[in-house]
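Architecture at a glance
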Amino acid sequence: MTTTDTEDRIRRRDDEEADIYDEDGNVRGDFLALVGAAIADRDTLFLRQNVARLHESEIGDLLEAIQPDQRLALVRLLGEDFDMTALTEVDEAIRREIVDQMPNEQIAAAIGELDSDDAVYILEDLDKEDREEILAQLPFTERVRLRRALDYPESSAGRRMQTEFVAVPPFWTVGQTIDYMRDEEDLPYSFSQIFVIDPTFKLLGAVDLDQILRTKRQTKIEQIMRETNHPVPAEMDQEEAAQLFEQYDLLSAAVVDENGRLVGVLTIDDVVDVIHEEADEDIKRLGGVGDEELSDNVLSTARSRFLWLLINLGTAMLSASVIGLFDASIEKMIALAVLMPIVASMGGNAGTQTMTVTVRALATRDLDIYNAGRIIRREAGVGILNGVIFATIMGAIAGTWFHDYQLGGVIAAAMIINLMAAALAGILLPLLLDKMGADPAIASSVFVTTVTDCTGFFAFLGIATWWFGI
């Protein structure tokens with residue numbers, strides 16, 4: 001690699017748009033090619049000028065876009081210029097892959113520059129031995145803060161919080177508070193409110209920065225502070241904390257321990273990440289793929305999908321056994337074999353629609369014991385209405401297709417029964433699973449499909465056997 005090569009890459013990069021993304025939101029292919037060539041040539045000058053300057057989210061997207069063998073090479077070539085915050089923006093598998101290959105001394109040095117919430121995000125993925133070795137290299141105060149956050153349950157507000165915050169006693173004046181913020185070097189990089197505490201660190205209230213700026217210097221903080229109506233318990237699940245932010249339009253919230261003492265602050269940027277993660281998790285669980293990531297290897301991906309495929313095999317055999325009850329009828333009337341998948345398929349799709357709405361409503365707390373009855377009646381009405389409409393359509397099609405309008409009537413009746421069953425199963429099964437303490441996002445899909453398949457097959461084949469006397 002020569003100086004001319006580096007200058008040529010930089011010139012080509014300068015000639016392109018500053019944005020690394022194309023119109024579809026993907027990392028530009030030409031930029032990836034330049035970065036890949038720079039990594040191959042160990043061109044640290046180009047990488048520092050064109051990669052290190054990127055926002056951490058852009059570096060995260062770049063790490064996910066380049067080849068696996070290039071990721072660690074990029075991190076090593078950037079050295080101290082690599083922003084460790086970027087590792088909070090990538091899949092867990094990629095983060096583990098990179099961190100596992102980095103020396104603990106480098107991780108410790110980088111973590112010392114991160115906000116506490118980002119530091120915890122990286123530390124929680126490490127083995128306990130490596131984590132303790134890294135923590136031992138940090139200053140005492142920072143080490144204590146991070147250990148306290150790591151002691152809280154995974155996916156709790158305590159894990160998500162920042163331990164950097166501004167807190168003052170109530171007897172301080174506005175002038176003292178302003179002078180303190182100007183003189184103190186160890187303040188959070190960004191904050192929107194100041195918390196008020198007593199000598200035991202018990203939370204008393206909060207003051208917004210705009211209120212500080214509008215108030216005269218001699219005014220005491222206790223005169224302008226407002227009660228913190230929505231402090232977040234550190235043990236609270238992060239999804240519940242996110243719902244508080246949504247309900248009360250919060251930008252940040254104090255995090256308190258079991259004794260009401262201030263231990264951190266939860267900010268809107270972290271809550272946005274939580275909302276994204278929880279929605280992503282629910283969608284994946286509805287499909288039975290667990291915590292799978294795109295960067296996972298073949299073995300781990302197959303393992304994560306195996307259990308629910310196995311359960312689905314068992315339920316499919318149950319559906320097949322229902323069909324087996326009417327094998328004689330199917331032998332005598334081949335049209336039944338042709339039409340019965342339509343009844344089951346329509347029921348499955350209808351049940352999935354209802355189930356998806358129900359699971360999401362349970363996750364957002366929009367569905368509870370007080371409105372469950374009304375929603376159940378609504379879904380039953382939808383099932384009947386759609387059942388009648390599609391029964392009419394399918395009955396006419398089947399009657400014309402097989403020149404037998406009695407058969408059209410049979411499939412119409414079965415369609416009404418199965419769409420009604422699908423609507424009820426789609427809402428009642430998630431509610432029952434939620435009541436039992438199971439995650440309806442994980443278990444509902446298989447059971448709803450089983451109900452609609454069995455009901456559809458039994459209704460169609462049973463009515464046909466009875467009507468035609470087969």
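Scroll up for the structure.
On a predicted model such as this, the values are computed, not experimentally measured, just so you know.

Structural notes on the packing of helix H20 (residues 372-402) against helix H21 (residues 405-435)
- Relative orientation of the contacting elements H20 and H21 amounts to 155°, with a least axis distance of 7 Å. By the angle class used here, H20 and H21 are roughly antiparallel. Crossing angle aside, the handedness with which H20 passes H21 is right-handed.
- The residue makeup of the contact of H20 with H21, split by class, is 24 nonpolar, seven polar and one charged.

Section: the environment of Tyr-405
- Within the secondary structure, Tyr-405 sits in helix H21.
- The spatial distance from the C-alpha of Tyr-405 to the C-alpha of Arg-261 is 74 Å, given a sequence separation of 144 residues.
- Contact partners of Tyr-405, with chain neighbours within four places excluded, come to Ala-396, Gly-399 and Thr-400.

Concerning the environment of Tyr-121
- Mapping Tyr-121 onto the fold places it in helix H8 (residues 116-123).
- Residue classification places Tyr-121 among the buried residues on the basis of a relative accessible area of 17%.
- Residues Tyr-121 and Val-27, spaced 94 residues apart in sequence, show a C-alpha to C-alpha distance of 25 Å.
- Residues in contact with Tyr-121, not counting those within four places in the same chain, are Thr-88, Arg-95, Arg-160 and Glu-277.
- Looking at Tyr-121, its side chain comes within polar contact range of the side chain of Glu-277, at 3.2 Å.

Quick word on the packing of aromatic side chains
- Summed over the entire model, instances satisfying the criterion amount to four aromatic pairs.
- Here Trp-172 and Tyr-180 contribute two aromatic rings whose centre-to-centre distance is 5.6 Å and whose plane-to-plane angle is 70°, an arrangement assigned as edge-to-face.

So, the pattern of salt bridges
- The full count for this structure, using the stated rule, is 13 salt bridges.
- Of the charged contacts, one joins Glu-277 and Arg-160 as a salt bridge, the two residues approaching to 2.6 Å between their closest N and O atoms. Of this pair, Glu-277 sits in helix H16 (residues 268-286) while Arg-160 sits in helix H11 (residues 157-160); the two residues are 117 residues apart in sequence, bridging distant segments of the chain.
- Its relative accessible area of 10% is what places Arg-160 among the buried residues.

Details of the nonpolar core
- Counting 62 residues, the largest nonpolar core has Leu-47, Leu-63, Leu-74, Phe-82, Met-84 and Ile-111 as the members making the most contacts within it.
- The element that contributes the greatest number of residues to this core is helix H2 (residues 29-40), accounting for five residues.
- Two domains each provide a minimum of three residues to this core, namely domain 1 (27-157) and domain 2 (165-283).
- Setting aside anything within four residues of it in sequence, one finds Ile-111 in contact with Ala-119, Leu-123, Ile-134, Leu-138, Glu-142 and Leu-146.
- Counting 29 residues, the second-largest nonpolar core is a separate cluster that includes Ile-323, Phe-326, Ala-350 and Ala-391.

Rules of the game
Residues numbered from 1 in each chain as written. Predicted model: local features only at pLDDT ≥ 70, side-chain atom pairs only at ≥ 80, totals over all residues. Heavy atoms only, no water. Axes fitted to C-alpha atoms, helices over the stretch in contact; angles between N-to-C directions. Helix = DSSP H or I, 4+ residues; strand = E, 2+ residues; numbered from the N terminus. Parallel < 35°, antiparallel > 145°, perpendicular 65-115°, else oblique. Left-handed = near helix turned anticlockwise from the far one by under 90°. Nonpolar A, V, L, I, M, F, W, Y, C, P; charged D, E, K, R; others polar. Contact = heavy atoms within 4.5 Å. Buried < 20%, exposed > 50% of the residue type's maximum accessible area, 1.4 Å probe, protein only. Polar contact = N/O pair within 3.5 Å; in protein donor to acceptor, adjacent residues only side chain to side chain. Phe/Tyr/Trp six-rings, centres within 6.5 Å; stacked < 30°, edge-to-face > 60°. Salt bridge = Lys/Arg side-chain N within 4 Å of Asp/Glu carboxyl O. Core = buried A, V, L, I, M, F, W, Y, C linked by side-chain atoms within 4.5 Å. Domains from an automatic or database assignment.

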